[in-house]
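The lines below spell out each chain.
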Amino acid sequence: MSFIYRCQECKREFSQKEVQYLCPICGSDYKVGMPLKGVLEVIFDYKKIAKKFDLEQPNWDLFCCVDRKYFPEYVVGNTPFFRSSRLEKKLKFENIWIKNDGLNPSGSLKDRASFLLVAEANRIGEDTLVTASTGNAASALASACAGGGKKAVIFVPASAPKAKLVQMRLAGATVIPVDGTYDDAFALSLQYTKEKGGLNRNTAYHPLTIEGKKTVGLEIFAQNNFQVPDVILVPVGDGVIISGVYKAFYDLQQAKIIDKMPRLICVQAETSNAIHNYIVTGEYKNAPHPQTVADSISVSIPSNAHMARRAVLETEGFSITVSDQEIVSAQKTLANTTGIFAEPTASSVLAALEKIQDQNMIHKKDQIVLLITGHGLKDIDTPLKYLN
Ligand SMILES: *Cc1c(COP(=O)(O)O)cnc(C)c1O
Ligand SMILES: [Zn+2]
């Protein structure tokens, strides 16, 4: 449980008491309008974990930053992980698995991060949590706050899918619709916590968001009989989920529990491709006009761009973009082949796998995991447009 924070950029180390959000040195260069600078990573005492961790009776608390006595009464995770022989028949790959994280309580993987942040709020005695979101992080925070008896203050683009807005309101959050983009909402939420206080849950801005999302990677490993899959496809917006998946396997590797990393595949929408371009060209540029049916990954300025890029490069993965047409088509294929109704964003990973099946980017026999990050009922308007 003991850990330190390390700045991803300058590698300076801090105790938990010294910092809360970004690296105080690198983060001071951060200005609204660019990816975050000085995002912190949690570094455990891996030697100690290596000694204590036992695959016969795995104690996952060793990889958790917040003592379980602070956990809210809100159960997340333990979502299904299974093989789909029907997808294998349709595609040119022979070993395809699904991690269905749309089955979290508020319907997305974001519940994992919100859960841990509410636990952290309990630890420090804070009663309000604040976030900006394209929708799911806000639904997740609103729900985790409801379960944990906290107040949620949420900045969200007014254009977010209705179901997500309904979730936030029913859970009792204070919802501030922003007449602008997610990036505008992000800036406003930072201003809010600076002036009014509250714990800021913005993705990557608070380092524990990465740790919360990490649990999906640990779960995949455990559900896969403690084997590392060859490839995991992840839908990428701000780049925190993919960094979390990376962190899970990094932790396991550092603790000498595994000796290889899965290849991480970054999937973005064509118009929301800042991280994709950064991976491919090595140069960072904002995505000027993200406009996609995949609303959960519609981001102009991805906050965790640097770490996401590293996750792909260090695992020898790659990045790919998919069009809206490919996404809605994959959404349909996923539903009528596996029975899983995923939101457009989450369906993008199947679109990507379909797109590369004739190229040699992934071996036919590799164990492939599609990370399904959000439930289809979050947004029925999009598929409705494509049905007669
Ligand atoms: C937020 C979200 C993503 C992308 O996660 P990032 O950490 O922003 O990259 C993918 N899928 C769904 C359903 C999401 O809500
Ligand atoms: Zn730093």
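On a predicted model such as this, the values are computed, not experimentally measured, just so you know.

Break down the coordination of the zinc ion (ligand 2) for me, citing the residues and quoting the values.
Those donors, Cys-7 (SG), Cys-10 (SG), Cys-23 (SG) and Cys-26 (SG), are the protein atoms that reach the zinc ion (ligand 2), and they lie 2.2 to 2.4 Å from it. Viewed at the metal, the four donor atoms of the zinc ion (ligand 2) are separated by angles of 105 to 116 degrees, and the geometry they form is tetrahedral. For the zinc ion (ligand 2), the single-chain donor residues occur in sequence as C-x2-C-x12-C-x2-C. Relative accessible area serves as the criterion here: at 28%, Cys-10 is assigned to the partly exposed category.

An account of the site of ligand 1 is needed here, citing residue identities and associated values.
Every one of the 16 residues lining ligand 1 counts as a neighbour, but Lys-110, Asn-136, Asp-238, Gly-239 and Thr-373 are closest to it. Within the contact set of ligand 1, an oxygen atom lies 2.8 Å away from a backbone nitrogen or oxygen of Asp-238. Contacts to ligand 1 include Thr-373, whose side-chain N or O atom sits 2.6 Å from a nitrogen atom. At a threshold of 2 Å from the grid points, most atoms of ligand 1 map onto the largest cavity. When the residues that make up the shell around ligand 1 are grouped by side-chain class, the tally is five nonpolar, seven polar and four charged.

An account of a nonpolar patch on the surface is needed here, citing residue identities and associated values.
Together, Leu-377, Ile-380, Leu-384 and Leu-387 make up a nonpolar patch on the protein surface, roughly 410 Å² of accessible area in all. Positionally, Leu-384 belongs in helix 13 (residues 381-385).

Got a sec to walk through the sheet that holds strand 12 (residues 318-322)? Specific residues and values, please.
If you trace the six strands from one edge of the open sheet to the other, you get 4-5-13-10-11-12, paired in mixed fashion. Every other strand in the sheet has two partners, leaving strand 4 (81-83) and strand 12 as the edge strands with one partner each. Pairwise comparison of adjacent strand axes, ignoring direction, gives a mean angle of 25 degrees for this sheet. Here strand 4 pairs with strand 5 (residues 96-100) via three bridges, running antiparallel. Looking at strand 5, one finds that Phe-81 is bridged to Lys-99. Of the strands in this sheet, strand 11 (263-269) and strand 12 are in contact with helix 9 (residues 274-281), which crosses strand 11 at around 130 degrees.

I'd like a rundown of the pattern of salt bridges, residues and numbers included.
Per the counting criterion, the structure on display carries 19 salt bridges. The partner of Arg-310 in a salt bridge is Glu-41, and the shortest N-O contact between them spans 2.6 Å. Here the residue Arg-310 occupies a position in helix 10 (residues 305-314), and Glu-41 occupies one in strand 3 (residues 40-44), the gap between them amounting to 269 residues. The pair Arg-310 / Glu-41 is uniform in exposure class, with both members buried. A salt bridge links Asp-381 to Lys-162, with the shortest nitrogen-to-oxygen separation between them at 3.4 Å. Taken together, the residues Asp-381 in helix 13 and Lys-162 in helix 5 (residues 162-170) connect sequence positions 219 residues apart. A single salt-bridge network, built from bridges that share partners, covers Lys-99, Asp-101, Arg-112 and Glu-219.

Talk me through empty space enclosed by the protein; I want residue IDs and the actual numbers.
A complete count under the given rule lists one cavity of 30 Å³ or more for this structure. Put simply, the largest cavity is a space of about 280 Å³. Lining the largest cavity are 29 residues, with Lys-110, Lys-213, Asp-238, Ile-241 and Ser-296 sitting closest to its centre. Mapped onto the lining of the largest cavity, the elements with two or more residues apiece are strand 6 (128-132), helix 4 (136-148) and helix 8 (240-254).

Account for helix 3 (residues 110-124), with residues named and values stated.
Here helix 3 contains 15 residues, and its C-alpha end-to-end distance of 21 Å stays within 8% of the 21 Å for a straight helix at 1.5 Å per residue. For helix 3, the set of buried residues is Lys-110, Asp-111, Arg-112, Ala-113, Ser-114, Phe-115, Leu-116, Leu-117, Val-118, Ala-119, Glu-120 and Ala-121. Looking one or two residues past helix 3, Gly-125 carries a phi angle of roughly 70 degrees, positive in sign.

How each quantity is defined
- Residues numbered from 1 in each chain as written.
- Chains lettered and ligands numbered in written order.
- Predicted model: local features only at pLDDT ≥ 70, side-chain atom pairs only at ≥ 80, totals over all residues.
- Heavy atoms only, no water.
- Donors = N, O, S within 2.8 Å, 3.2 Å for Na, K, Ca; no water.
- Tetrahedral: all angles 85-135°; square planar, octahedral: opposite > 155°, others 65-115°.
- Buried < 20%, exposed > 50% of the residue type's maximum accessible area, 1.4 Å probe, protein only.
- Near = heavy atom within 4 Å.
- Polar contact = N/O pair within 3.5 Å; in protein donor to acceptor, adjacent residues only side chain to side chain.
- 1 Å grid on protein atoms, 1.4 Å probe; cavity = no way out; pocket = protein on both sides within 12 Å on 5 of 7 lines; lining within 4 Å.
- Sits in = over half its atoms within 2 Å of the grid points.
- Nonpolar A, V, L, I, M, F, W, Y, C, P; charged D, E, K, R; others polar.
- Patch = residues over 30% accessible without salt bridge, like charges linked within 9 Å, V, L, I, M, F, W, Y side chains within 5 Å.
- Areas by Shrake-Rupley, 256 points an atom, 1.4 Å probe, with all protein chains shown as cover.
- Salt bridge = Lys/Arg side-chain N within 4 Å of Asp/Glu carboxyl O.
- Helix = DSSP H or I, 4+ residues; strand = E, 2+ residues; numbered from the N terminus.
- Pairing = 2+ DSSP bridges.
- Axes fitted to C-alpha atoms, helices over the stretch in contact; angles between N-to-C directions.
- Contact = heavy atoms within 4.5 Å.
- Points joined across faces, edges and corners; volume = space filled by probe spheres on them.
- Expected span 1.5 Å × (residues − 1).

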